[in-house]
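Residue-level structure breakdown
Here is how the chains run, residue by residue.
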4 protein chains.
Amino acid sequence: MGLEDKVVITAALTGVAANRAQCHWIPYTPQEIADEALAAYNAGASVVHIHARENDGGPSWRVEVFREIMQEIRKRCPIIINFSTGAVFVERDARIAHIRELKPEIAALNMGTMNYAKYSPKRKDFVFSVVFHNPFDDIMFFLDTMNKNGIKPECECFDLGHLESIFPLMDMGILKNFQVSLIMGVVGGMAATARNLAHVAGLVPPGVAWEVIGISQEQWLLVAAALALGGNIRVGLEDNFYLAPGNMAQGNGPLVEKAVRMTRDVGREPATVEEARRILAVRSP
Amino acid sequence: MGLEDKVVITAALTGVAANRAQCHWIPYTPQEIADEALAAYNAGASVVHIHARENDGGPSWRVEVFREIMQEIRKRCPIIINFSTGAVFVERDARIAHIRELKPEIAALNMGTMNYAKYSPKRKDFVFSVVFHNPFDDIMFFLDTMNKNGIKPECECFDLGHLESIFPLMDMGILKNFQVSLIMGVVGGMAATARNLAHVAGLVPPGVAWEVIGISQEQWLLVAAALALGGNIRVGLEDNFYLAPGNMAQGNGPLVEKAVRMTRDVGREPATVEEARRILAVRSP
Amino acid sequence: MGLEDKVVITAALTGVAANRAQCHWIPYTPQEIADEALAAYNAGASVVHIHARENDGGPSWRVEVFREIMQEIRKRCPIIINFSTGAVFVERDARIAHIRELKPEIAALNMGTMNYAKYSPKRKDFVFSVVFHNPFDDIMFFLDTMNKNGIKPECECFDLGHLESIFPLMDMGILKNFQVSLIMGVVGGMAATARNLAHVAGLVPPGVAWEVIGISQEQWLLVAAALALGGNIRVGLEDNFYLAPGNMAQGNGPLVEKAVRMTRDVGREPATVEEARRILAVRSP
Amino acid sequence: MGLEDKVVITAALTGVAANRAQCHWIPYTPQEIADEALAAYNAGASVVHIHARENDGGPSWRVEVFREIMQEIRKRCPIIINFSTGAVFVERDARIAHIRELKPEIAALNMGTMNYAKYSPKRKDFVFSVVFHNPFDDIMFFLDTMNKNGIKPECECFDLGHLESIFPLMDMGILKNFQVSLIMGVVGGMAATARNLAHVAGLVPPGVAWEVIGISQEQWLLVAAALALGGNIRVGLEDNFYLAPGNMAQGNGPLVEKAVRMTRDVGREPATVEEARRILAVRSP
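1. A word on the relation of the copies chain A and chain C
By a simple turn and slide, chain A fits onto chain C: the slide is 0.0 Å along the axis, the RMSD is 0.0 Å, and the turn is 180 degrees. What the superposition gives is, in effect, a two-fold axis relating one chain to the other. Taking C-alpha positions as reference, the residue of chain A nearest the rotation axis is A:Met114, located at 2.5 Å. A high fraction, 100%, of the interface residues of chain A reappear at the interface in chain C, so the copies pair face to face through one surface.

This is the structure we're talking about:
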């Protein structure tokens, strides 16, 4: 089995939007996050995507918190670390400081500005609706820091035009070694359909690794579609709590286990951390 | 969960191309075939697709053999019966007699003429290469019998143009209540890719049920893609022996069990026989 | 030839971004704009899309200016009037007042927030890069006014996710009789490719009229693609000055003439104003 | 303008299916065919695709006839010559003899077996319906002759699976320098839609030139789609007589003139013969 049949499974361990009232197993402290990283690693993930939280679960952009998370994870396992830079209502300097200081292997780079909403067909209303600001000026600002520090950008694309925003940056020579995440199911961005994924994944530049990120339970449909289309996948409590309708996962481990099972069911294999480093072309820490 | 989230799982129990030297668990006799139908039913299939064999495993078009298969299955379980009409080098009268006599709920209708080959990249040669003849004249001949006997055609489409051959027949008014199978991976027909499936499934007329049929181990990739795209699926020893590389299934039951697991993993549910009758709009026997 | 082979040609007469230093034939005053509307009508357009300008060419949102434009056009010809509501850095009240007061048949409704940029491969830099704000709250605010005044929204979609933002609004019952414009080629939105158009146009709800809007000279490629895909088209000095490389159009008339020729060249016919009213389901003024 | 914006226009001068009772301007004799080749060349075509006829218009496979056609064309202009090998009810030896003897730059290679029919919605019946036989064995037989004689195959693909039949031949190393024609609109093969073309053209191996061939008046829609998708085009009396509904072309020249106009209308340019030789990678004669 060649590397092209290996699947990089990323676990998005915690996010910042949900809390323990909604899901008891969401990790808050660096130790808890690192324990979840280990559980994900043991289950078959090769990358963790991380947002930091204060000990009460609130979002944190403090470098010391990210540092402690990184140290705790490195103690436990060799999993690849991907730190978020995405936030609504937070200054861009705050969103990049931990990247500059801590130099994770990968950092998320949000590739577009958009309406970012959730709709409830039951209530016939938006659950929330905000604007997620990522003007080109900010994208280039983040990219500059990543380039100077040898950090691989994970281009987070919530829409077709976000993916195609890659091309001017490549043409300017400031976006070179990167990977692509196709995030589907946020209202305002592209919908969570396998048909959309087949189209958009076909536009990722040849040789560039891509993964799908599905929000809520539709995630599992997209995982199946991405596995069939040759892509990588992301799961984890940040994106979706449920193994099945009504069956909440007791941590990231069971979500990764399900992702591993689905990977093997289509005839592919989860990439080890070492294989993932080669597939994603990320340096060792 | 509405009917649109239910998945009709068909088990293609035996076929005619393979034999017990290749896979010990292929059923030959009517009793063996019916036992496999029961195993598939118990595992979660709602339809069986059947070719008849003589007791030595050779292909059979004798009506009595099909009759005995049908009787033995009916004794065991209420699963929906779909009889094949497809063959290379067999006269069309022989390919339809059992349909006229026995009136299964569904009969396969091959929608095009094509090169039908298998290629070995290892040997750098075709393993076999024949022409599969299904001229429009034969298609209309088969359809006439099905229409007169209230049998639902399963339009077997090995290529994009086979699917689009449906339109003149609909326009003539001779193809009315039908379902579509998209068969992928035969060399000469369309390749087994999720990208092809996303395109071709999008062209099935609205309201018409469709399933994917994948040949060999690529089947599981296509099952994942079809589940994600909202389609039905077919598995079974006719199409593929293996649960995973090197792991041959000990009968159709384990293959259907895997299909059921994959169905639930994307958040859908296998249709019961009664649900399948409504989804496919087939009469009770 | 049925209505489905008729092509609604819209002329975007003036826009606000360009000026006479760049293109001598851009109309500024209500009389000039109305003269261009007549030229477009005579050439075969059935709809005009209009931004208002002050007499010096600067952008205007004054109701009296829009009123004079409307009156001058109505004097000259029965063409369908579509007024813009799109602007960067303008309050939403100002963007909708003329719609409420003047009740054009159609008003543009921008369906998403986005990075809105132009890139120069020659300079290796953005020519401009801003954020175009259209949060759902504003979309619903505009829609409310249009619904109360019987004005048909033209949903302007610069990206896949903008088109799919239609679905919650339809589900809430506040977006009913509407048409779709697919705007391609703005950096930050979807790229101007026929492959994108084939995908996105396939997602427009059945029975809803759609058109393509291409920015700059790539417009003509998209016009050809939309004509082949069964869509309507928009041309005009707002979108593109050039008939061919180096050959600037002397007004909107020649651009519409070219659109008419391309329409007939694929075997379709421009819709008359009366046919366009039926295709778009817009009331008479 | 780079070569990628140049369009190779092929003129299919005569075919064998139609006759002068249907279209007065169809050429029969070598002189007439060569005169039409010159007219096509003068209008902007860089390749001619040719079937031979006897002087009474009936189909001919006689090498002397093809030889005379070639000589007469060479006298008149340097246009690239592509000879057909396709026929129903003709032995394969007869279909390839002129290729071996005369070594045109390009020869057509039909890539699949299929139902080949024409349907009349008015009559609610097939106008004709045959099987077009091109088993892999014949394909390899033709290819062997082309390879030995340095003739570039034009892989004629009437369906998705015909295009994908290229891959085993490439893997065997017997199909190397080739071009692809996507033929749309024959009932039994893929339908003449821009949506199909967008999908199928996306599967042509990178770097391989492709053209669209549309049958009957839908041709012009497909020409527009192919021009927008970056492909080459074929027109000519073999495929379609009409410039517009009811307006029969008085020879191949006017059809090529229309193709040239459509090419320029999207912002591309017809390739000269020399440019076409480079784009198609064909030797000089």
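Read on for the rest.
2. Some points on the confidence of the model for chain A
Per-residue confidence for chain A gives a mean pLDDT of 95; residues scoring 70 or more make up 100%. The ipTM assigned to the predicted complex is 0.95, against a pTM of 0.96.

3. Things to note about the sheet that holds strand E12 (residues 210–214) of chain A
By way of backbone hydrogen bonds, the strands of a sheet pair with one another, either parallel or antiparallel. Residue and element names in this part refer to chain A. Strand order in the closed barrel formed by eight strands is E2-E3-E6-E7-E10-E11-E12-E13, and the pairing between neighbours is parallel. Each strand axis lies, on average, 25 degrees off the axis of its neighbour in the sheet, ignoring direction. Note that strand E2 (residues 9–12) and strand E3 (residues 47–50) share three bridges and pair parallel. What sits directly across from Ala11, in E3, is Val48. Contacting strand E11 (179–184), E12 and strand E13 (232–235), helix H8 (residues 219–229) runs over the sheet at an angle of about 160 degrees to E13.

4. Re the interface of chain A and chain C
Interfaces are often sized by the accessible area lost when the parts come together. Contacts between the two partners involve 39 residues from chain A, matched on the other side by 39 residues from chain C. Interface of chain A and chain C: buried area, both sides summed, is about 2900 Å²; carbon and sulfur atoms make up 59% of it. Area buried by chain A at its contact with chain C is led by A:Asn115, A:Phe136 and A:His199, which between them contribute 19% of it. Linking chain A with chain C are two salt bridges. With a shortest N-O distance of 3.0 Å, C:Asp171 and A:Lys124 are connected by a salt bridge. One can count 19 residue pairs in polar contact (both at pLDDT 80 or more) joining chain A with chain C. At the level of secondary structure, the elements contributing two or more residues to the side of chain A that touches chain C comprise strand E8 (114–120), strand E9 (125–132), helix H4 (136–148), helix H5 (160–164), helix H6 (166–171) and helix H7 (194–201) of chain A. Residue composition of the side of chain A that touches chain C, by class: 19 nonpolar, 14 polar and six charged.

5. Some details on the packing of aromatic side chains
Inspection of every chain in the model, using the stated rule, returns 40 aromatic pairs over all chains. Centroid distance A:Phe126 to C:Phe136: 4.5 Å. Interplanar angle 40 degrees. Geometry classified as tilted. Taken together, the residues A:Phe126 in strand E9 and C:Phe136 in helix H4 (residues 136–148) connect one chain to another. Of the two residues, A:Phe126 and C:Phe136, both sit in the buried class. Taking the centre distance of 5.7 Å and the plane angle of 70 degrees together, the rings of C:Tyr119 and C:Phe126 count as edge-to-face. The pair C:Tyr119 / C:Phe126 is uniform in exposure class, with both members buried. Through a chain of ring-to-ring contacts, the aromatic side chains of A:Tyr116, A:Phe128, A:Phe132 and A:Phe158 assemble into a single cluster. Over the face of the ring belonging to D:Tyr28 we find D:Arg20, whose NZ or CZ atom lies 4.0 Å from the ring centre.

Reading the values: the criteria
Residues numbered from 1 in each chain as written. Chains lettered and ligands numbered in written order. Predicted model: local features only at pLDDT ≥ 70, side-chain atom pairs only at ≥ 80, totals over all residues. Heavy atoms only, no water. Least-squares fit on C-alpha atoms with pLDDT ≥ 70 in both. Contact = heavy atoms within 4.5 Å. pLDDT = per-residue confidence, 0-100. Pairing = 2+ DSSP bridges. Helix = DSSP H or I, 4+ residues; strand = E, 2+ residues; numbered from the N terminus. Axes fitted to C-alpha atoms, helices over the stretch in contact; angles between N-to-C directions. Buried area = accessible area lost by both parts, 1.4 Å probe. Salt bridge = Lys/Arg side-chain N within 4 Å of Asp/Glu carboxyl O. Polar contact = N/O pair within 3.5 Å; in protein donor to acceptor, adjacent residues only side chain to side chain. Nonpolar A, V, L, I, M, F, W, Y, C, P; charged D, E, K, R; others polar. Phe/Tyr/Trp six-rings, centres within 6.5 Å; stacked < 30°, edge-to-face > 60°. Buried < 20%, exposed > 50% of the residue type's maximum accessible area, 1.4 Å probe, protein only. Lys NZ or Arg CZ within 6 Å of the ring centre and 35° of its normal.

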